Amino acid sequence: MTATVRRPRVAIVGGGISGMACSWKLRNQRCTVDIYESSDKLGGHANSMPFTGNGRTVDVDTGFVVMEEATYPQFTSFLQELGVKTIPTDMSFGVSALNGALEWNSLSIMAFVGTLSRLFSPWFWRLMFDIVYFNLFARDILAQQAPVSPPKKFVGSVEEEIAAIEKDLKVNRRESIADYLKRQKYSEQFIIYFLIPMVAAPWCIDPDEFAANFPARNLIQFMHNHSLLDTVTKTLRWRTFANGSKTYVDEFQRQMPHHHKLHLNTVVRSVTRVDGKALLSFADGSIETFDHVVLAIHANQAVSLLGQDASALERRILGAFTTRRNVCYLHSDISVSCSIFPVPVFFFFFLFD
Ligand SMILES: Cc1cc2nc3c(=O)[nH]c(=O)nc-3n(C[C@H](O)[C@H](O)[C@H](O)COP(=O)(O)OP(=O)(O)OC[C@H]3O[C@@H](n4cnc5c(N)ncnc54)[C@H](O)[C@@H]3O)c2cc1C
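Bear in mind the structure is a predicted one, so any value in this text is a computation, not a measurement.

A few points about the packing of helix α4 (residues 122–137) against helix α8 (residues 188–203)
Here α4 crosses α8 at 65°, and the two axes come no closer than 9 Å. Classified by chirality, the crossing of α8 by α4 is right-handed. Two secondary-structure elements touch here, α4 through Trp123, Arg126, Leu127, Asp130, Ile131 and Phe134 and α8 through Gln189, Phe190, Phe194 and Leu195. Residue composition of the contact of α4 with α8, grouped by class: seven nonpolar, one polar and two charged.

As structure tokens, then:
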């Protein structure tokens, strides 16, 4: 007679890509997995909404839209394992400022120049010069300024390591992108109407706030990693889903193994550690015990779930992140685009005074 060995119980709180990826990685392990998701569907920020127009309905992404194979290797292999195909897309970008008096988009040289009279404007040629200069020389900062925590052998406790990083951050305050661009004497037109809108848009952040707070080194490293500094010489291979990111969310759900259970409309209220186990309490007052818990949610949500149970270190790390509510409108108003070249672009940025 063989005794049945109890499978360890794992809970995943959050059904966005982080939670789904954890479940996918655990699918061949000898453990049971329960995914708890507060909303009525999986996906989190991967949020495709049905939109009906011209007699047909399509799923339109209102959150996550694009990925790129070279810089998303894990996500790419996840999609391959699921058997989900992606299609090429562009990452075209446009700006409208000064009540429409200044508009450009990246779809073509003509759309960038806008009006022929601009070719006689020194203001415009300075903008062009700065774009080329930035693409050629911005990377220099990567060699000049060390990353926040240079890779080194881990010595001492995690607390000591964090204290050392905090001290380093205080001493070597990271130069913001605004300070960097001013120090490098970039023109106002390049800063206000080109670079900052272009990088603030994908993060959905107010451009002034972005410029004042985003560290120059991190931004340039990001642009370098995503080949955004090689736009002239390199064709970027951005990809998306023909019928929205819900394609991979649905396929993941369809392929979930039987020992993984999905609990939608289930809000986890708190996580408490007791005798090497974790107790999850739910909005309906019930409590479940698990051997392991993955908090696949935002840092501020994680620290509030841990509540009094959070260690000082967890509070320090997780509490350092802030989030803010962003409102997203799904619309079909084609007049909301560049008025000189009214062709839809991937990102269109309106700068209001
Ligand atoms: C508008 C927008 C556009 C974006 N575009 C892109 C893009 O094009 N390319 C790209 O790479 N990235 C993009 N991102 C970023 C990307 O979407 C996110 O980084 C990613 O989706 C985060 O996934 P996550 O699983 O960590 O979190 P989320 O997707 O936020 O998932 C967390 C889930 O946890 C659930 N949850 C929270 N608290 C609880 C609780 N107490 N109990 C139960 N469930 C809970 C939430 O309901 C949510 O479903 C975009 C983000 C936004 C907002």
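Considerations on the site of the ligand
Around the ligand sit 27 residues in total, of which Gly14, Gly16, Ser18, Gly44 and His45 are the nearest. For the shell around the ligand, the secondary-structure elements that each account for two or more residues are α1 (17–25) and α12 (299–306). If one sorts the elements of the shell around the ligand by residue count, α1 sits on top with three residues. Considering only residue class, the shell around the ligand consists of 15 nonpolar, 11 polar and one charged.

A look at the domain arrangement of the protein chain
You can read the domains of the protein chain as domain 1 (9–87 + 241–318) and domain 2 (92–235). Between domain 1 and domain 2, the C-alpha centre-to-centre distance is 32 Å. Counting from both sides, the interface comprises four residues of domain 1 and, opposite them, five residues of domain 2. Residues that form the side of domain 1 that touches domain 2 fall into these classes: one nonpolar, one polar and two charged.

As for the pairing of strand β7 (residues 93–97)
With four of five residues buried, β7 lies mostly within the body of the structure. Across four bridges, the pairing between β7 and strand β15 (residues 347–350) is parallel. In the strand pairing of β15, Phe93 is matched with Phe347. Bridge analysis of β7 against strand β8 (residues 102–105) gives four bridges, and the strand direction is antiparallel. If you follow Gly94 over to β8, its bridge partner there is Asn105. Turn length for the β7-β8 hairpin, with the two strands adjacent in sequence and antiparallel, is four residues, and the turn residue Leu98 shows positive phi of about 50°.

A word on the sheet that holds strand β11 (residues 268–274)
The three strands are arranged β11-β12-β13 in an open sheet whose pairing can be described as antiparallel. Only two strands of the sheet have a single partner each, and these edge strands are β11 and β13 (287–290). Between one strand and the next, the sheet's axes are offset by a mean angle of 25°, whatever the strand orientation. The sheet contact formed by β11 and strand β12 (residues 277–282) spans six bridges and is antiparallel. Across the sheet, Thr272 pairs through a bridge with Leu279, a residue of β12.

Here's the deal with the sheet that holds strand β9 (residues 238–240)
Read from one edge to the other, the open sheet built from three strands follows the order β5-β9-β6, with strand pairing classed as antiparallel. Because the sheet does not close on itself, it has two edges, and the strands there are β5 (67–68) and β6 (87–88). Bridge count between β6 and β9: two bridges; the pairing is antiparallel. Paired with Pro88 across the bridge in β9 is Arg239.

Quick look at α8
Helix length check: α8, at 16 residues, gives a terminal C-alpha distance of 22 Å against a target of 22 Å (1.5 Å per residue), a fit within 8%. Residue Ile196 marks the point of greatest curvature in α8, where the axis turns by about 40°; the proline Pro197 follows within four residues. Listed as buried for α8 are Tyr193, Phe194, Leu195, Ile196, Pro197 and Val199. Downstream of α8 by a residue or two, Cys204 has a phi angle that is positive, lying close to 55°.

Quick word on the nonpolar core
Counting 20 residues, the largest nonpolar core has Ile177, Ile196, Val199, Phe210, Ala216, Leu219 and Ile220 as its most contacted members. Of all elements in the fold, only α7 (177–183), α8, α9 (207–213) and α10 (216–225) reach the threshold of two or more residues within this core. Looking at this core, the element that brings in the most residues is α8, giving five residues. Residues in contact with Ile220, not counting those within four places in the same chain, are Ala138, Arg139, Ile141 and Leu142. Counting 17 residues, the second largest nonpolar core, distinct from the first, contains Ala11, Val13, Val33 and Leu280.

Cut-offs and rules
Residues numbered from 1 in each chain as written. Predicted model: local features only at pLDDT ≥ 70, side-chain atom pairs only at ≥ 80, totals over all residues. Axes fitted to C-alpha atoms, helices over the stretch in contact; angles between N-to-C directions. Helix = DSSP H or I, 4+ residues; strand = E, 2+ residues; numbered from the N terminus. Left-handed = near helix turned anticlockwise from the far one by under 90°. Contact = placed C-beta atoms within 7 Å. Nonpolar A, V, L, I, M, F, W, Y, C, P; charged D, E, K, R; others polar. Near = placed C-beta within 6 Å. Domains from an automatic or database assignment. Buried ≥ 20, exposed ≤ 12 C-beta atoms within 10 Å, placed from the backbone. Pairing = 2+ DSSP bridges. Expected span 1.5 Å × (residues − 1). Bend = angle between axes of the 7 residues up to and from the residue. Core = buried A, V, L, I, M, F, W, Y, C linked by C-beta atoms within 7 Å.

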